[in-house]
Amino acid sequence: MKYDLCIVGGAGHVGLPLGVAMANAGVSTVLFDTNREALEVIAGGRFPFKEKDGDRELRRALEKRKLATAHTPDVIGRSAFVLLVVGTPVDEYLNPSIHAITRVIDAYLPYFKNGQVLILRSTVYPGTSERIQRYFRERSKRVNVAFCPERIVEGNALAELMTLPQIVSAFDPQTLGKVSKLFRNIAPKTVATAQPVEAELAKLFSNAWRYIKFAVGNQFFMIAADHGLDYHRIYQAMREDYPRNRDLPSPGFAAGPCLLKDTMQLAAYHSNNFFLGHAAMLVNEGMPNFIVKKLRHGASPAAVPTVRFANENPLRELIGAEAAAPGWLKTKTVGILGMAFKGESDDPRDSLSYKLKKIAEAEAKRVLCTDEYIKDPAFHPVRTVLAESDIVILAAPHKAYAAIDPRRYPAKRFIDIWNFWPRHSNRAARA
Ligand SMILES: NC(=O)c1ccc[n+]([C@@H]2O[C@H](COP(=O)([O-])OP(=O)(O)OC[C@H]3O[C@@H](n4cnc5c(N)ncnc54)[C@H](O)[C@@H]3O)[C@@H](O)[C@H]2O)c1
């Protein structure tokens, strides 16, 4: 075989870092993708999206001649392992679409060879691996299926791939042995499950767990805010030198292409009896509505935490009596800082910033958006947003926004559910 590994979806957020890590570990890898534009960028030594140390590691892999790119599927037939990691979105009814995987395998079936191992790495609806294994058997192809889920956090994949244990699973011991050996090229260890459905669930449970944790933090925040209390003071008191609360996340937008849809996949798997998952969705997806509702009612600044700095009165009136006037939001320009789904990311997929934009557009005079990393002709430079907005909402806490000092804009109201500016200001004061 010409290649050890062919990654189908190799130009994506999971496929590319994995391919680079494998190639740098000496595994000859070909990145196969239908996105030719992204492949050209990659072949030129650049990541098409933001990834820590991505360009450096990619160039290293290309220089070693262990990494190739391809936009035609014939490379599938020339590789010992085929790893499939295309997107697996939920459909418009929030149901999992197993066809995202089967469509791709249908299309490339002629290229698969007897004796190959197909590793499924996309996050899948439980039972998908078994279905795909059966699919090959029914077509008399001796392709052995394995399921090895990806658990990196987007943007820091290259570091995490080298430090996280890899969960591996297969339908027979030989295939399990082969995929374990492959992943030991990059991972400190592999953890095998007895059957692929356990690994499929391990991935979905992990994402749902994280999503629910975010929801707990967000709901606590809403409870405190609804009672006119400063949640961040409570949060700090709860966590200071108290180990059992260390993992309580701070409030923020819990968004992105994975957590919500994987929680929904799990709900569908359990006949929609996943109360915690559904509750988490209502809380997390409700955060933009919560902010705008508070602004609409002109509630006191404590109800939506405006910026609070150490040694300042947290209930400082920033808008004053005007905030109580009905319809005052309709006269205001709202600025949204950060359109990515999280800080330091350039990924707009399923970002709650866009939901916030949509809701705010229905309520305010004007909405201006900006982002450090996402290029969009409809966005404005950050200085324009700061100059022209009456209300500035921090939606994705990119590091660059730490340089903004809301105290320099006393007439504007800054909404910061993350407690981002006070945290940065305290850090700066300590430095
Ligand atoms: N993004 C993450 O942080 C993350 C983490 C863990 C797991 N996952 C899971 O990994 C999977 C992929 O997610 P992603 O974020 O990398 O998606 P992505 O959209 O960034 O990458 C998917 C890639 O597949 C390519 N592709 C689509 N159809 C193709 C086809 N027929 N042939 C060849 N290439 C094709 C696309 O062009 C794209 O480059 C999803 O199941 C996701 O849930 C993602």
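Residues numbered from 1 in each chain as written. Predicted model: local features only at pLDDT ≥ 70, side-chain atom pairs only at ≥ 80, totals over all residues. Heavy atoms only, no water.

Engineer: Would you take a moment to explain the sheet that holds strand β11 (residues 391-394) for this structure?
Structural biologist: Note on sheets: strands pair through backbone hydrogen bonds, and any given pair is parallel or antiparallel. Taken together, four strands build an open sheet; the order of strands is β10-β9-β11-β12 and the sheet is parallel. The open sheet has two edge strands, β10 (366-370) and β12 (413-415), and neither has a second partner. Sheet twist, expressed as the mean angle between neighbouring strand axes with direction ignored, is 20°. Strand direction decides the pairing type here: β11 and β12, joined by three bridges, are parallel. Opposite Ile391, over in β12, you have Arg413 as the bridge partner. (Pairing = 2+ DSSP bridges. Helix = DSSP H or I, 4+ residues; strand = E, 2+ residues; numbered from the N terminus. Axes fitted to C-alpha atoms, helices over the stretch in contact; angles between N-to-C directions.)

Engineer: Any chance you could explain the site of the ligand here in plain terms?
Structural biologist: Around the ligand, the surrounding shell holds 25 residues, and the nearest of these are His13, Asp33, Thr88, Tyr108 and Lys261. Contact distances for the ligand include 2.5 Å between an oxygen atom and a side-chain N or O atom of Thr88. Lys261 is positioned with one of its side-chain polar atoms (N or O) 2.6 Å from an oxygen atom of the ligand. For the ligand, the protein covers 84% of the area, taking 830 Å² as the surface of the free molecule. The residue inventory of the shell around the ligand, partitioned by class, reads ten nonpolar, nine polar and six charged. (Near = heavy atom within 4 Å. Polar contact = N/O pair within 3.5 Å; in protein donor to acceptor, adjacent residues only side chain to side chain. Areas by Shrake-Rupley, 256 points an atom, 1.4 Å probe, with all protein chains shown as cover. Nonpolar A, V, L, I, M, F, W, Y, C, P; charged D, E, K, R; others polar.)

Engineer: Is there a simple way to think about the environment of Arg244 in this case?
Structural biologist: Structurally, the position occupied by Arg244 is in the loop between α9 (231-239) and α10 (259-269). Counting along the chain gives 86 residues from Arg244 to Leu158, while the straight-line C-alpha distance between them is 30 Å.

Engineer: How should empty space enclosed by the protein be read in this particular structure?
Structural biologist: Vacant regions in the atomic arrangement are exposed by a probe of water-molecule size rolled over the atoms. Counted under the stated rule, the structure contains two cavities of 30 Å³ or more. Looking at the second largest cavity, its volume works out to about 60 Å³. For the second largest cavity, the full set of lining residues is Thr88, Pro89, Pro96, Ser97, Ile98, Ala100, Ile101, Thr123, Val124, Tyr125, Thr128 and Gln265. Considering only residue class, the lining of the second largest cavity consists of seven nonpolar, five polar and no charged. (1 Å grid on protein atoms, 1.4 Å probe; cavity = no way out; pocket = protein on both sides within 12 Å on 5 of 7 lines; lining within 4 Å. Points joined across faces, edges and corners; volume = space filled by probe spheres on them.)

Engineer: How should I be thinking about the nonpolar core in this particular structure?
Structural biologist: The nonpolar side chains of a soluble globular protein tend to be buried with one another. Of all hydrophobic cores here, the largest spans 65 residues; its most connected members are Phe253, Val334, Ile336, Leu337, Ile391, Ile393 and Ile404. No other element matches the ten residues that helix α8 (residues 196-226) contributes to this core. If near-sequence neighbours (up to four positions away) are discounted, Phe253 is found in contact with Met287, Pro288, Ile291, Phe341, Leu352, Ser353, Leu356, Ala395, Ile417 and Trp418. Counting 36 residues, the second largest nonpolar core, distinct from the first, contains Met22, Val27, Ile42 and Leu158. (Core = buried A, V, L, I, M, F, W, Y, C linked by side-chain atoms within 4.5 Å. Buried < 20%, exposed > 50% of the residue type's maximum accessible area, 1.4 Å probe, protein only. Contact = heavy atoms within 4.5 Å.)

Engineer: How should I be thinking about the pairing of strand β4 (residues 79-84) in this particular structure?
Structural biologist: Note on strand geometry: in a regular strand, side chains alternate between the two faces of the sheet. Counting buried positions along β4 yields five of six residues, so the element is predominantly enclosed. Bridge count between β4 and strand β5 (residues 117-120): four bridges; the pairing is parallel. The partner of Val82 across the bridge, within β5, is Leu118. With helix α4 (residues 99-108) bridging β4 and its parallel neighbour β5, the resulting β-α-β unit is right-handed. (Right-handed = clockwise from strand over helix to strand, strands pointing away.)

Engineer: Help me out: how do you make sense of the sheet that holds strand β2 (residues 29-32) in this one?
Structural biologist: The strand order across the open sheet built from six strands is β3-β2-β1-β4-β5-β6, with neighbouring strands paired in parallel fashion. Two strands lie at the open edges of the sheet, namely β3 (67-70) and β6 (144-147), each paired on one side alone. Averaged over neighbouring strand pairs, the angle between their axes works out to 25° when direction is ignored. As defined by bridge partners, strand β1 (residues 3-8) adjoins β2 across four bridges and the pair is classed as parallel.

So yeah, pure geometry; function would need other evidence.
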